[in-house]
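Per-entry structural report
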Amino acid sequence: MRQRLSSEPDRYRGRRRVPTPPRSRYAAVVTTAFVGAGIVALGANALPDAKSVNPSVLDELKQASVTSQDAAARGDNADRASRSGRADSQTAGEQDPWLLPLHGYDFNSPYGMRWGKLHSGVDLVAPEGTPYVAIHAGTVTKAGWFGGYGYAVIVQHADGSEAIYGHSSEVNVQEGQQVKAGDQLGLVGNTGHSYGSHLHLEIHVNGQPLDPVPWLGERGVDIQLETEALYSEVAAS
């Protein structure tokens, strides 16, 4: 090694080696697990000596971090609950919809007075033997001959309303049977007091007949335009 001459400038004169900071100086880094964004806000260059940090400040930062984490957790839980609620609602709607009794019919003879008497339902003209289905889930309370209705099916729904399907050529269910919306009940016919092959549909609430058009319309079924909410939602999606 070349010996430094006394005449050479001492580049290191007046300087001293800065000792390695003790481990305790970086102990504050450990607190990042608790203080999160608080330490980031202080900045890497402003990291204090752990001994000089006021304990109450650390406690406040800890509490702020815990509060933030709790709020985030509550937000996640609320979002999951909301999604679950929407899914449950959609599932319930899909399991118990309101539907048209058949398709491809001609809407004829609406609810109202006809020949001096109340025509207490609507007539859906379709070829004899066309299958028709339950418009809603319920219990079959009548399945067979029913006077002027000919062969008929009556289904009572959970809300207490009843649907009467008249003038059938054939009945495919039994009294006491549980049916879902869309289950086949029978075949269109021309039995009883009928002027031609058609399905006569009535809605009764508290034993009184109601106009099926507005009543079903409130449940997403337009019997005049032959549309139902279930298919409208699919078409829109």
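Residues numbered from 1 in each chain as written. Predicted model: local features only at pLDDT ≥ 70, side-chain atom pairs only at ≥ 80, totals over all residues. Heavy atoms only, no water.

1. What to know about the pattern of salt bridges
- Per the stated rule, a full pass over the model turns up 3 salt bridges.
- Where Asp123 meets Arg114, a salt bridge forms, and the shortest distance between an N and an O atom there is 3.7 Å.
- Overall, Asp123 belongs to the buried group, its relative accessible area being 1%.
- According to the relative accessible area criterion, Arg114 is partly exposed, its value standing at 25%.
- Notably, a salt bridge pairs Glu218 with Arg219, separated by 3.4 Å at the nearest N-O pair. (Salt bridge = Lys/Arg side-chain N within 4 Å of Asp/Glu carboxyl O. Buried < 20%, exposed > 50% of the residue type's maximum accessible area, 1.4 Å probe, protein only.)

2. Overview of the pairing of strand β10 (residues 184-188)
- In terms of burial, β10 is a largely internal element, 4 of the 5 residues being buried.
- Relative to β10, strand β5 (residues 131-133) runs antiparallel, the two being bridged by 3 bridges. Among the inter-strand pairings, Pro131 is bridged to a residue of β10, identified as Leu187.
- Sheet topology note: the strand β8 (residues 162-171)/β10 ladder contains 3 bridges and is antiparallel. Looking at β10, one finds that Ser168 is bridged to Val188. (Helix = DSSP H or I, 4+ residues; strand = E, 2+ residues; numbered from the N terminus. Pairing = 2+ DSSP bridges.)

Function-wise, these values are silent; they only describe arrangement.
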